[in-house]
Amino acid sequence: QVQLVESGGGVVQGGGSLSLSCAASGRIANTYVLGWFRQAPGKEREFVAAIGWSGRGTDLADSVKGRFTISRDAKNTVYLQMTSLKPEDTAVYLCAAGGISIATSPRFWGQGTQVTVSS
């Protein structure tokens, strides 16, 4: 079992920046791929970014490439640094943990943190 606790959401103006963090804990947390998803009101949950257990392999959705960066530290905290934010980035952002197929089938979820981008 892996526990995921997000923090860092909030309200920001369009064009601004915001950073999210997610602390992963559990007996084998350091072997999992960690990632971020988001869900906007009335829309399906979508994959945003993922990073491998070593912190070297990353994957980003096309919609956030060039604006978002994912990173991970040795204490199994994963970060999502978001820049040039747009109103369409408004969503609940959820941390996830899983295997290499995390983008389609994550195993564990955090509670989520709200990000609101005003125009």
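The structure displayed is predicted, hence computed values, not measured ones. (Residues numbered from 1 in each chain as written. Predicted model: local features only at pLDDT ≥ 70, side-chain atom pairs only at ≥ 80, totals over all residues. Heavy atoms only, no water.)

Considering all chains together, one arrives at three aromatic pairs under this definition. Centroid distance Tyr 32 to Phe 108: 5.6 Å. Interplanar angle 85 degrees. Geometry classified as edge-to-face. Residue Tyr 32 is found in the loop between β3 (18-25) and β4 (33-39), and its partner Phe 108 is found in strand β10 (residues 108-109); the two are separated by 76 residues along the sequence. An identical accessibility class is assigned to Tyr 32 and Phe 108; each is buried. Ring centres of Phe 37 and Trp 109 lie 4.9 Å apart, and the angle between their planes is 70 degrees; on these two criteria the pair is classed as edge-to-face. (Phe/Tyr/Trp six-rings, centres within 6.5 Å; stacked < 30°, edge-to-face > 60°. Helix = DSSP H or I, 4+ residues; strand = E, 2+ residues; numbered from the N terminus. Buried < 20%, exposed > 50% of the residue type's maximum accessible area, 1.4 Å probe, protein only.)

What follows concerns the environment of Ala 103. In this fold, Ala 103 is placed in the loop between β9 (91-98) and β10. Classification of Ala 103 by relative accessible area gives partly exposed; the value is 32%. For Ala 103 and Val 33, which are 70 residues apart along the polypeptide, the C-alpha to C-alpha distance reads 9.9 Å. In contact with Ala 103, not counting residues within four places along its chain, are Phe 37 and Phe 47. (Contact = heavy atoms within 4.5 Å.)

Our next topic: the sheet that holds strand β8 (residues 77-82). Read from one edge of the open sheet, four strands run β1-β3-β8-β7, paired in antiparallel fashion. A single partner strand is all that each edge strand has here, and the edge strands are β1 (3-7) and β7 (68-72). Put simply, the sheet's adjacent strands are angled 15 degrees from each other on average, direction ignored. As judged from the six bridges shared by β3 and β8, these two strands associate in the antiparallel manner. Looking across to β8, one finds that Leu 18 is bridged to Met 82. (Pairing = 2+ DSSP bridges. Axes fitted to C-alpha atoms, helices over the stretch in contact; angles between N-to-C directions.)

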